[in-house]
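Next come the chains, spelled out residue by residue.
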2 protein chains.
Amino acid sequence: MADTFTYEIKERIAVLSQSSKGWTKEFNLVSWNEKDPKYDIREWSPDGNKMGKGITLTDEEAAVLKKALMAREDL
Amino acid sequence: MADTFTYEIKERIAVLSQSSKGWTKEFNLVSWNEKDPKYDIREWSPDGNKMGKGITLTDEEAAVLKKALMAREDL
């Protein structure tokens, strides 16, 4: 039986890009299975009903990522 | 036939976290199928031979993500 889960996008923080087919790669706060929301980077279909592979980040992981990105002068 | 692909971690930028089983969630520059390296956030097994779901980011996407993270005062 396919895994069933619930999700709710609590905050749409940023759209990182949009593909020619309208899918958007987004940075959001998402609550999975009604748990506390986590930072989340993944692609979403134009109607928002389908999602692609992505990654969730705890606050600590997001803080480390922020520091690492800030150190990248080429960005 | 399973998708075959090659990858090479060109730069290990940051370890975002490590699980109790030794898997590390990392921010790296990875070259997929010998193409130009892209930013990449995903989990890697302790011996580095297995990888989990993750996300690749172009320079532009990483720059937008950096800006969004910098605006988060709670991080």
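What you see as residue numbers is a count from 1 along each chain, following the sequence as written. Chains carry letters and ligands carry numbers; both start at the beginning, A for chains and 1 for ligands, and go up in the order they are written. This being a predicted model, a pLDDT of at least 70 is required before a residue's local features are given, and a value of 80 or more before pairs of side-chain atoms are given or counted; all residues contribute to the totals for chains, interfaces and linings. Side-chain descriptors were evaluated using all non-hydrogen atoms of the structure, hydrogens and water having been removed beforehand.

With an unreviewed UniProt entry as reference, chain A is termed Transcriptional coactivator p15 (PC4) C-terminal domain-containing protein, source organism Methanomethylophilus alvi.

Enquirer: How would you explain the overall build of chain A if you had to name every residue and give the values?
Expert: Helix and strand labels come from DSSP, where a helix needs a run of H or I of at least four residues and a strand needs a run of E of at least two; each type is numbered from the N terminus. In terms of regular secondary structure, chain A is built from 1 helix and 4 strands. Secondary structure elements of chain A, listed N to C terminal, follow the sequence β-β-β-β-α. Projected onto its principal axes, the C-alpha positions of chain A cover 45 × 30 × 20 Å. Pairs at least 24 apart in sequence give 21% of the contacts found in chain A among residues at least 6 apart. Accessible surface is estimated by sampling points in the Shrake-Rupley manner with a 1.4 Å probe; for residues, cover comes only from the protein chains shown. Entry remark: accessible area of chain A is about 4,700 Å², with carbon and sulfur atoms responsible for 48%. Each charge class in chain A can be summarised by its mean position, and for the 12 positive and 14 negative side chains these summaries are 4 Å apart. For this analysis, residues touch if any pair of their heavy atoms sits within 4.5 Å. Charged residues are defined here as Lys and Arg on the positive side and Asp and Glu on the negative side; His and the ends of the chain fall outside this count. Here the site of a charge means atom NZ of a Lys, CZ of an Arg, CG of an Asp or CD of a Glu.

Enquirer: Could you give an account of the UniProt feature "domain: Transcriptional coactivator p15 (PC4) C-terminal" (unreviewed entry) in chain A, naming the residues involved and the relevant values?
Expert: UniProt positions are given in the numbering used here, feature names are shortened, and annotations may be inferred rather than shown by experiment. The feature "domain: Transcriptional coactivator p15 (PC4) C-terminal" (unreviewed entry), as given by UniProt, occupies residues 20-68 of chain A in the numbering adopted here. A distance of 30 Å separates the end C-alpha atoms of residues 20-68 of chain A, which is 20% helix and 47% strand.

Enquirer: An account of the relation of the copies chain A and chain B is requested, with residue identities and associated values reported.
Expert: The copies are overlaid by a least-squares fit using only the C-alpha atoms of residues whose pLDDT is at least 70 in both copies. With an axial shift of 0.0 Å and an RMSD of 0.0 Å, the rotation relating chain A to chain B amounts to 180°. Look at the turn and shift together and you get a two-fold axis relating the two. If distances are taken from each C-alpha of chain A to the rotation axis, the shortest is found for A:Gly54, at 2.5 Å. Counting the interface residues of chain A, we find that 100% of their copies in chain B are interface residues as well, pointing to one common contact surface.

Enquirer: Outline the sheet that holds strand S2 (residues 24-32) of chain A, listing residues and values.
Expert: We call two strands paired when DSSP finds no fewer than two bridges between them. Overall, antiparallel pairing links the 4 strands, which are arranged S1-S2-S3-S4 (chain A) in an open sheet. The open sheet has two edge strands with one neighbour each: strand S1 (7-18) and strand S4 (51-57) of chain A. Each strand of the sheet is rotated relative to its neighbour by a mean of 25°, with strand direction disregarded. Judged from the 7 bridges that link them, S2(A) and strand S3 (residues 38-44) of chain A form a sheet pairing that is antiparallel. Looking at S3(A), one finds that A:Glu26 is bridged to A:Arg42. The angle between two axes is taken between their N-to-C directions and runs from 0 to 180 degrees, where each axis is a line fitted to C-alpha atoms and a helix contributes only its stretch in contact. In this fold helix H1 (residues 59-70) of chain A packs onto S3 and S4 of chain A, with an angle of close to 90° to the strand it touches most, S4(A). Across the sheet, helix H1 (residues 59-70) of chain B touches S1, S2 and S3 of chain A, and the angle it forms with S1(A) is around 130°.

Enquirer: Account for the pattern of salt bridges, naming residues and giving values.
Expert: Any two side chains of opposite charge can pair, given that their charged atoms come close. The term salt bridge refers to a side-chain nitrogen of Lys or Arg lying within 4 Å of a carboxyl oxygen of Asp or Glu. This model, assessed by the stated rule, comprises 12 salt bridges over all chains. Among the ionic pairs, A:Glu61 bridges to B:Lys25, the shortest N-O distance being 3.2 Å. Within this pair, whereas A:Glu61 is found in helix H1, its partner B:Lys25 is found in strand S2 (residues 24-32), the two belonging to separate chains. Accessibility classification places A:Glu61 together with B:Lys25 in one group, the buried group. One salt bridge connects B:Arg12 with B:Glu26, and the closest N-O pair in it is separated by 2.6 Å. Placement of B:Arg12 in strand S1 (residues 7-18) and of B:Glu26 in strand S2 is noted, with a sequence separation of 14 residues between them. Accessibility here uses a 1.4 Å probe with only protein chains present; expressed as a share of the type maximum, an area under 20% marks a residue as buried, one over 50% as exposed, and anything in between as partly exposed. Classification of B:Arg12 as exposed rests on a relative accessible area of 54%. Among the residues examined, B:Glu26 registers a relative accessible area of 6% and is labelled buried. Salt bridges sharing common partners tie together A:Glu11, B:Arg72 and B:Asp74.

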